[in-house]
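# Analysis of the macromolecular model
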Amino acid sequence: MAEISAQMVKELRESTGAGMLDCKNALIECEGDFQKAVQHLREKGLGKAAKKADRLAAEGLVSVKVDEDYKLATLTEINSETDFVAKNEQFITLAKDTTAHIQSKKFTTTEELKTSVINGVSFEEYLNSQIATIGENLVVRRFVTLKAGLNGVVNGYIHTNGRVGVIIAATASNEQVAQKILPFLKQVCMHIAAMKPSYLSYKNLDDEFIKSEYKALVAELEKENEERRRLKDPNKPEHKIPKFASRKELTEDILKQAEDEIKAELKTQKKPEQIWDKIIVGKLNSFIAENSQLDSKLTLLGQFFVMDDKKTVEQVIAEKQKEFGASFEIIEFVRFEVGEGLEKKSEDFAAEVAAQMK
């Protein structure tokens, strides 16, 4: 088993918000496996999901380039050592030129980029000259290009701070519709930048992952219910505990059973049968929303649209299809945020944490 250091306990506490002793015990129980310890705490309702990337100190910029025909979109992340340099005009130009170079040469790996030629010199030499001029280490960390397929288009968005960028690809029933949806795709990119979905649809969720997240969801809701019972605030009733976490679990049989239960309830309430249809649709939609909370957190199509928070992205797409009189489908998106997934440097708080653990 890996040694449980004070630094590990500190990082787990920062990542989950759980108590220090709970973090220490979780790491011991999970034999030092950080990710297992995070999940262990969540399943016990002792910590909420939190991405370390949200507190990373890595600096730099993301850059987005969409070609004139909206058939290619490239997203690049270039890291610098300080935020000050990230705002430097020369660094901004470097990011834009590098992204344009990647797109024009259709590179897929950093190795291809390093050995390429830009402005008459090797890219490595070009980057080194920028490092010498700017005075900080600069790294092209990652990049990706999305290509539109048949009757398809791409679009992109970069947030004003330059730290978050999104590109998206969609396909349509014809080229005319593909061009019409471009402004909407830009809005969806803005939604993705703000709401951070990890998946396109509930169909992309792994069954075991859903089961694991359901445990964490229930533990989190039960923990909040304990607090609501304690506070006795009439404006904050207890959460209803869902039976499922994702629409992927809602089979036809389960939906049929839910509909039958709604009908039985309406019959008991002696509601006129001529109004049942509208009531059933509303109640069934509520049942689906209640039992697909994982989708609304993690999937693009299941999230409520930032431009109209009464409707999911999927529902807004359906409305747009009616508006255009033709179908289209979002098939892929990529979101980069500066520094996500990078490990922070160790800080000098380990001794302080160790003292508190005794």
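The structure we're discussing is the one just above.
Moving on to the side chain of T76. On the secondary structure map, T76 appears in strand β2 (residues 72-80). Separated by 3.1 Å, the side chains of T76 and T99 make a polar contact. When neighbours within four sequence positions are excluded, T76 is seen to be in contact with L61, V62, S63, T99, I102, V140, R142, F143 and F336.

So, on to helix α9 (residues 182-195). Across its 14 residues, α9 extends 20 Å between first and last C-alpha, which sits within 8% of the 20 Å expected from 1.5 Å per residue. L182, F184, L185, V188, C189, H191, I192 and A193 are the residues of α9 that are buried. Its buried side turned inward, α9 meets β6 (152-158), β7 (164-172), α8 (175-180), β8 (304-305), α14 (313-324) and β10 (328-337). The positive-phi residue at the C-terminal boundary of α9 is K196, with phi of around 55°.

Right, let's get into the pairing of strand β9 (residues 308-312). Alignment of β8 against β9, held across two bridges, turns out to be antiparallel. Within the sheet, the bridge partner assigned to F305 lies in β9 and is D308. Here β8 hands over to β9 after two residues, the two strands then running antiparallel side by side.

In this section: the nonpolar core. Counting residues in each nonpolar core, the largest one holds 29 residues, and the members touching the most others are I168, I181, L300 and I330. Listed by contribution, the elements that provide at least two residues to this core are β6, β7, α8, α9, α14 and β10. In terms of residues, this core owes the most to one element, α9, which gives seven residues. Discounting residues that sit within four places of it in the chain, I330 has contacts with I168, A169, A170, L185, V188, L200, L300 and I317. In this structure, F107, L113, I118 and I134 belong to the second largest nonpolar core, which totals 18 residues.

Glancing now at the sheet that holds β2. Within a beta sheet, neighbouring strands are joined by backbone hydrogen bonds and run either parallel or antiparallel to one another. The three strands lie next to each other as β1-β2-β5, forming an open sheet whose pairing is antiparallel. Two strands lie at the open edges of the sheet, namely β1 (59-66) and β5 (139-147), each paired on one side alone. Pairwise comparison of adjacent strand axes, ignoring direction, gives a mean angle of 10° for this sheet. Sheet topology places β1 next to β2; eight bridges connect them, and they run antiparallel. Bridged to G60 within β2 is N79. Against the sheet, helix α5 (residues 89-105) engages β1, β2 and β5, with an angle of about 140° to β2.

This part takes up the packing of helix α1 (residues 6-16) against helix α2 (residues 20-29). Look at α1 against α2: their axes get within 9 Å of each other, and the N-to-C directions meet at 115°. By the criterion of interaxial angle, the relationship of α1 to α2 is roughly perpendicular. Where α1 crosses over α2, the handedness of that crossing is right-handed. Here α1 contributes M8, V9, L12, R13 and T16 to the contact with α2, which in turn contributes M20, C23, K24, A26 and L27. In terms of residue class, the contact of α1 with α2 is made up of seven nonpolar, one polar and two charged.

Inspection of every chain in the model, using the stated rule, returns five aromatic pairs. Measuring from centroid to centroid gives 6.1 Å for Y199 and F209, while their planes differ by 50°, and the two rings are tilted. Of the two residues, Y199 is situated in the loop between α9 and α10 (207-231) and F209 in helix α10; the sequence distance between them amounts to ten residues. Members of the aromatic cluster, connected to one another through ring pairs, are F184, F305, F324 and F328. Lying across the ring of F336, R142 places its NZ or CZ 3.9 Å from the centre.

Cut-offs used in this document
Residues numbered from 1 in each chain as written. Predicted model: local features only at pLDDT ≥ 70, side-chain atom pairs only at ≥ 80, totals over all residues. Heavy atoms only, no water. Helix = DSSP H or I, 4+ residues; strand = E, 2+ residues; numbered from the N terminus. Polar contact = N/O pair within 3.5 Å; in protein donor to acceptor, adjacent residues only side chain to side chain. Contact = heavy atoms within 4.5 Å. Expected span 1.5 Å × (residues − 1). Buried < 20%, exposed > 50% of the residue type's maximum accessible area, 1.4 Å probe, protein only. Pairing = 2+ DSSP bridges. Core = buried A, V, L, I, M, F, W, Y, C linked by side-chain atoms within 4.5 Å. Axes fitted to C-alpha atoms, helices over the stretch in contact; angles between N-to-C directions. Parallel < 35°, antiparallel > 145°, perpendicular 65-115°, else oblique. Left-handed = near helix turned anticlockwise from the far one by under 90°. Nonpolar A, V, L, I, M, F, W, Y, C, P; charged D, E, K, R; others polar. Phe/Tyr/Trp six-rings, centres within 6.5 Å; stacked < 30°, edge-to-face > 60°. Lys NZ or Arg CZ within 6 Å of the ring centre and 35° of its normal.

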